[in-house]
Amino acid sequence: MIKELVCDDAVLSTPCEAATADDAELAQDLIDTMNANEDAVCLAANQIGVTKSVVVYKGEDEKDHVLYNPRLLMGLGPQKLVESCMTHEGETRVTRFIKAKVAYDELVDGQLKPRKKDFLGWEAQMVQHMIDHCKGKLV
């Protein structure tokens, strides 16, 4: 279901709770909402008012990807960037890694399974942006 985007800093700055397998419907809401917003390439649950650690992004393969409980493990190649966000006004200077190793959970057969993946370039930047959202960091 397409949800309204939340721009309330009080909600966006609240660290998210761990997601569970019961949050599959939330993941679908995020995908629907991201795809309904022409400029959206990634979205975190708190951006639709739910403080759960669930994020989605549009991959370079043009597919929608869901990460439950994403955590940055390691980053290589720090770079200073200016980012904007659909739910926070203005631009923010941030440091993002060109390569990011991320641990996350994936929903498989109704259960969350731990995974690790190396993200590069644009996908690495998006995932780091979403991890910041889960931590309650305004970007």
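As the structure is a prediction and not an experimental result, all values here were calculated from the model. (Residues numbered from 1 in each chain as written. Predicted model: local features only at pLDDT ≥ 70, side-chain atom pairs only at ≥ 80, totals over all residues. Heavy atoms only, no water.)

## Regarding the environment of His129
In this structure, His129 sits in helix H3 (residues 121–135). For His129, a relative accessible area of 6% puts it in the buried group. For the pair formed by His129 and Val94, sequence separation is 35 residues and the distance between their alpha carbons is 9.3 Å. The residues contacting His129, other than those within four sequence positions of it, are Glu83, Ser84, Cys85, Arg96 and Val139. (Helix = DSSP H or I, 4+ residues; strand = E, 2+ residues; numbered from the N terminus. Buried < 20%, exposed > 50% of the residue type's maximum accessible area, 1.4 Å probe, protein only. Contact = heavy atoms within 4.5 Å.)

## Remarks on the packing of aromatic side chains
Describing an aromatic ring pair means giving the distance of the ring centres and the angle of the ring planes. One pass over the structure, following the stated rule, counts 1 aromatic pair. For the pair Tyr57 and Phe119, a centre-to-centre distance of 6.0 Å together with 80 degrees between the ring planes defines the contact as edge-to-face. Highlighted residues: Tyr57 in strand S2 (residues 54–58) and Phe119 in strand S5 (residues 111–120), separated in sequence by 62 residues. An identical accessibility class is assigned to Tyr57 and Phe119; each is buried. (Phe/Tyr/Trp six-rings, centres within 6.5 Å; stacked < 30°, edge-to-face > 60°.)

## Observations concerning the side chain of Ser53
In this fold, Ser53 is placed in the loop between strand S1 (42–44) and S2. A residue is classified by how much of its surface remains accessible, and Ser53, at 8% relative accessible area, is buried. Excluding residues that lie within four positions of it along the chain, Ser53 makes contacts with Cys16, Glu17, Ala19, Leu67, Tyr68, Asn69, Pro70 and Cys134.

## Side note on the nonpolar core
Grouped together as the largest cluster of nonpolar side chains are 16 residues, with contacts concentrated most on Val55, Tyr57, Leu67, Val102, Phe119 and Val127. Contributing elements (two or more residues each) for this core: S1, S2, strand S4 (88–108) and H3. Element by element, the count of residues in this core is highest for H3, at 6 residues. Residues in contact with Val102, not counting those within four places in the same chain, are Pro70, Arg71, Leu72, Leu73, Arg115, Lys116, Lys117, Phe119, Val127 and Ile131. (Core = buried A, V, L, I, M, F, W, Y, C linked by side-chain atoms within 4.5 Å.)

## As for the confidence of the model for the protein
In the predicted model, the protein carries a mean pLDDT of 96, and the fraction of residues at 70 or more is 100%. Mean pLDDT across the elements of the protein ranges from a minimum in helix H1 (residues 9–12), with 93, to a maximum in S5, with 98. (pLDDT = per-residue confidence, 0-100.)

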